[in-house]
Amino acid sequence: MKIHNLKVVYSADGQIVHAINNISLNMKKGETLGLVGETGAGKTTLALTLLKLLPKQNGRILEGSILFQGHDLIQATEADMRLIRGSQISMIFQDPMSSLNPVLTVGEQIAEAIKLHMDLPKDQVEKRVEDMLQLVGIMASRKNDYPHQFSGGMKQRVVIAIALACEPDLLLADEPTTALDVTIQAQILDMMQELKDKIQTSILLITHDLGIVAEFCDKVAIMYAGEIVEYGTAKDIYEGTFNHPYTEGLFGSIPNIYSTTERLNPIEGLMPDPTNLPSGCKFHPRCPKCMDICQSEQPLFYRNQEHAIQCHFYAHREVREE
Amino acid sequence: MQVQSPLLETRNLKKFFTTPSGRIHAVDDISLRINKGKTLGVVGESGCGKSTLGRTVLRLLEPDSGEIFFEGENILHIHKSEARKKLRDMQIIFQDPYASLNPRMTISDIILEPMKINRFLPTTKDLDDRVNELMQIVGLAPRLYNAYPHELDGGRRQRVGVARALSLTPKFIVCDEPVSALDVSIQAQILNLMMDLQDKLDLTYLFITHNLSVVKHISDEIMVMYLGQCIEWTISDELFRNPLHPYTKALLDAIPIPHLREPGFKRKSIKGELTSPIDPPPGCRFAVRCPYATEACSGKDIPLREVETNHKVACVLFDK
C-alpha cells in the first residue's frame, strides 16, 4: 500500500473542512502501523478514504493516489471497490455495539462476507464460519446466537471474525478496543497479536492510546490536523532522541504509573479549526519551540533512515539516533 | 495514618436496584472514609458500581441501608431542609461534558443556577461578580459569558462543569470520570486544574475512574471495586508497588503502557468477563475468573481485612 499526497476535504455549510492535507504513507506487507492522533486529527477519515467510504454528499478526494498492490484505488470504480472491501481490505470499527446487525445471527453475518467474496459450497461456508468463531475464541455452537446475547468484548471478537473471514491483505482497525474495559481490551489485543502472527495480515491500527501502539505496532505515524507530523519505527518514537514537539506533548500528557510526577505537562491550547488552519506549521500556535519561520512556512520532513519529522526545529540539526 | 475525624464516612452502605430478574447489587456493603483535603480514588470496570456509589454518597440515590456521615453528622437522619443545606457542601462533576450541560442555557446561566436555587448571594450584582470570578478560576475567557455549550469544545465544557460544582463553595466534590471523555492533552489540562483547585480551596475529592494511570496521579488513597464490593484499599503508591488482590494485579497488568516492552513480553491477561451483579451467591465475586481460586473462595463472603499497615484486601490468599 502506497499513499501519495492524499488530500481530502469535507464541505459543510459552505465551508471547506481540510480533513487530510498531503499525506504520504507506505505500508509493507505483514507490517503493523499505528496511526496516533487526537479527536479530529483525521485518523478515521484516512481509513474511510482507503476504502472509499467517504460520505458521498460532502466528502471529496481532491488529489493524490492510493496504490494498493499496484492498482490505484482512487481510479477504481464502485464495483471494483466492492470486490476489494471485505476481501482484500477490511475494517474493524470502533463500536462493536453498533457495527453488528441486531436482527441477524452472528453466524449469518460472518457467512455473508464469505459468500460475497469466496466461491465455496454451502457446507464449506458453514465450516468456515465455525472455524472463524473458534479462531477468535468463541465456541462454534454460538453461531446461531444474536449480537445482543454477547457481551461487548465478545461482539468485538465477532466483528474481528467477520473482518478476517476472507483473509484480507490489509486490516484497518479503527480504535478496536476503545469501547472496552481494560481487562477485556487486554484479551482482545492478545488475540489480535496471535492472529497477526498466524495469518500475516498488514494492520493499520488507529488509536489515540500510545500504550496500545507501544505493545502492538512496528511502525508509528503521528497525525495532527490532517497531516502526518512524525513517522518512524516504534523504537524511533518511544526511545529516539528526537521527536516532533507534538509527540513530546502527547507523552507529557499521559500520567505515568511507574513514576510520580507532581504535574503533567499538557500541550497548551486546542486543536486548530479544520476550516481555518493556521499558516505555516499547523502546530505552531501550540508549540513550545515555535520560531518565526514556523508561522509562515510549511516545514519539510527531516529524515534519518525511516524516521521522519515534519518540523523546522530540525532543519539545521542532523536527526540522528544516538 | 494520623488520627483525624474524616470529612466523609460511609458505613456498610448498600444500594440495590430491583429488576424483573432479581436484585442488582450495585453498591454492596461499602465503608469508606476520606479525610479533609485528600482524594480517594475509586477504580473499577464498567458495571462495578462506582458511579452508583458516587451518587448514593450525595443522596442523589437513596441508599437501601447503611449510614453516611459528613463532618460527623449522619446526613441520612437529618430533616430534608437541613440535609439540603448540608448537601450544598457536597457537589458533583459529571463524566460527559456533552450531556451534563443544558444546551439551551448560556455558560453564565449554567454556573449561576445552583446559586440562584440556593439563594446563595443577596444581589444580582454579587451573583454576577461570582460567576465572573468562577470563570476566571477555572480558566474560561470572559467572552464566553453569553456563549452556549455547543460553541465550546470538550475541555472548556468540562471547565464549565467544574465551575458549576464550585459555585456553592463546596468542601467535597464527587468527580465521576471527569476526564474520560476528553483527549489526552486536554485531559492533562483538566487534571492539573483540579489539583490546583484542591490546593487552593482545600477541597476533598472522591475521584471515580476506570483509568488507573489517572487515579494514581491524583489520589492519596485508592479503593478498587469489583461488582459492588471494595476488594482492596490502600495508599496510592502502595497499590502500584504492591498490589495484593489478584484482580488488582490483573488490572495493573492489563494497562498498555507507553513504553516499548522487552521482546517476547507476554502479558498475563485474565480470562472471562464480569459475572452478573444480579443476586450474586455468597463468596468472592472474582473467584470464577481468578487463577488462584480455591474452594475457600465460595460459600461465605470474604471480608475486607487489613493485612499490612494501611493496606486492606478481601481475599482468602491472605488468611493467616
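Predicted model only: the values in this text are computed from it and were never measured. (Residues numbered from 1 in each chain as written. Chains lettered and ligands numbered in written order. Predicted model: local features only at pLDDT ≥ 70, side-chain atom pairs only at ≥ 80, totals over all residues.)

Another aspect to go through is the overall build of chain B. Within chain B, the regular secondary structure consists of 9 helices and 12 strands. Taken against the 2.2 N^0.38 rule, which gives 20 Å for 320 residues, the C-alpha radius of gyration of chain B at 21 Å falls within 12% of a compact globule. Here the C-alpha coordinates of chain B stretch approximately 65 × 55 × 45 Å along the principal axes. For chain B, the proportion of its 320 residues judged to be buried stands at 42%. Long-range pairs, those at least 24 residues apart, make up 66% of the contacts in chain B between residues at least 6 apart in sequence. (Helix = DSSP H or I, 4+ residues; strand = E, 2+ residues; numbered from the N terminus. Rg over C-alpha atoms; globule rule 2.2 N^0.38 Å. Buried ≥ 20, exposed ≤ 12 C-beta atoms within 10 Å, placed from the backbone. Contact = placed C-beta atoms within 7 Å.)

Turning to the pairing of strand β6 (residues 89–92) of chain A, a few remarks are in order. For a regular strand, the rule is simple: side chains alternate between the two faces of the sheet. Residue and element names in this part refer to chain A. With burial as the criterion, each face of β6 is covered, one bearing Ile89 and Met91 and the other bearing Ser90 and Ile92. When β6 meets strand β7 (residues 170–174), the two strands line up parallel, connected through 4 bridges. Pairing of Ser90 across the sheet is with Leu171, part of β7. (Pairing = 2+ DSSP bridges.)

On to the nonpolar core. Membership of the largest hydrophobic core comes to 171 residues, with the highest contact counts inside it found for Ile110, Ala161, Leu204 and Leu205 of chain A together with Leu206 of chain B. Counting residues per element, this core draws most heavily on helix α5 (residues 152–164) of chain A, at 8 residues. Setting aside anything within four residues of it in sequence, one finds Leu205 of chain A in contact with Thr32, Leu33, Gly34, Leu35, Ala173, Val213, Phe216 and Cys217 of chain A. (Core = buried A, V, L, I, M, F, W, Y, C linked by C-beta atoms within 7 Å.)

As a further point, take the environment of Leu25 of chain A. All names here are of chain A. Within the element layout of this structure, Leu25 appears in strand β2 (residues 15–26). Given 20 C-beta atoms within 10 Å, Leu25 falls into the buried group. With 16 residues separating them along the chain, Leu25 and Ala41 place their C-alpha atoms 16 Å apart. Beyond its immediate stretch of four places on either side in the chain, Leu25 contacts Ile3, Ala221 and Ile228.

Turning our attention to the interface of chain A and chain B. Quoted interface sizes are often the accessible area lost when the parts come together. Opposite the 36 residues of chain A that make contact, chain B presents 33 residues. Residue assignment for the side of chain A that touches chain B shows that the elements contributing at least two residues are α6 (182–199), α7 (210–216), α8 (234–239) and α9 (245–253) of chain A. Top element by residues in the side of chain A that touches chain B is α6 of chain A. It accounts for 7 residues. Looking at the side of chain A that touches chain B residue by residue, the class counts come to 17 nonpolar, 11 polar and 8 charged. (Nonpolar A, V, L, I, M, F, W, Y, C, P; charged D, E, K, R; others polar.)

It is worth spelling out the packing of helix α3 (residues 106–117) of chain A against α5 of chain A at this point. Residues and elements named next belong to chain A. Following both chains from N to C, one finds α3 and α5 inclined at 20 degrees, their axes separated by 8 Å at the closest point. Taken together, α3 and α5 sit at an angle that is classed as roughly parallel. Considering only the axes of α3 and α5, their crossing is right-handed. For the pair α3 and α5, the contacting residues are Val106, Gln109, Ile110 and Ala113 in the first and Val158, Ala161 and Ile162 in the second. (Axes fitted to C-alpha atoms, helices over the stretch in contact; angles between N-to-C directions. Parallel < 35°, antiparallel > 145°, perpendicular 65-115°, else oblique. Left-handed = near helix turned anticlockwise from the far one by under 90°.)

Next up on the list: the sheet that holds strand β12 (residues 311–313) of chain B. Residues and elements named next belong to chain B. Pairing is mixed across the open sheet formed by 8 strands, whose spatial order is β6-β7-β8-β3-β9-β10-β12-β11. Each of the sheet's edge strands pairs with one partner strand only, and the pair in question is β6 (90–93) and β11 (305–308). Here the average twist between neighbouring strands, direction ignored, is 25 degrees. Sheet topology note: the β11/β12 ladder contains 3 bridges and is antiparallel. Following the sheet pairing, Glu306 is matched in β12 by Lys312.

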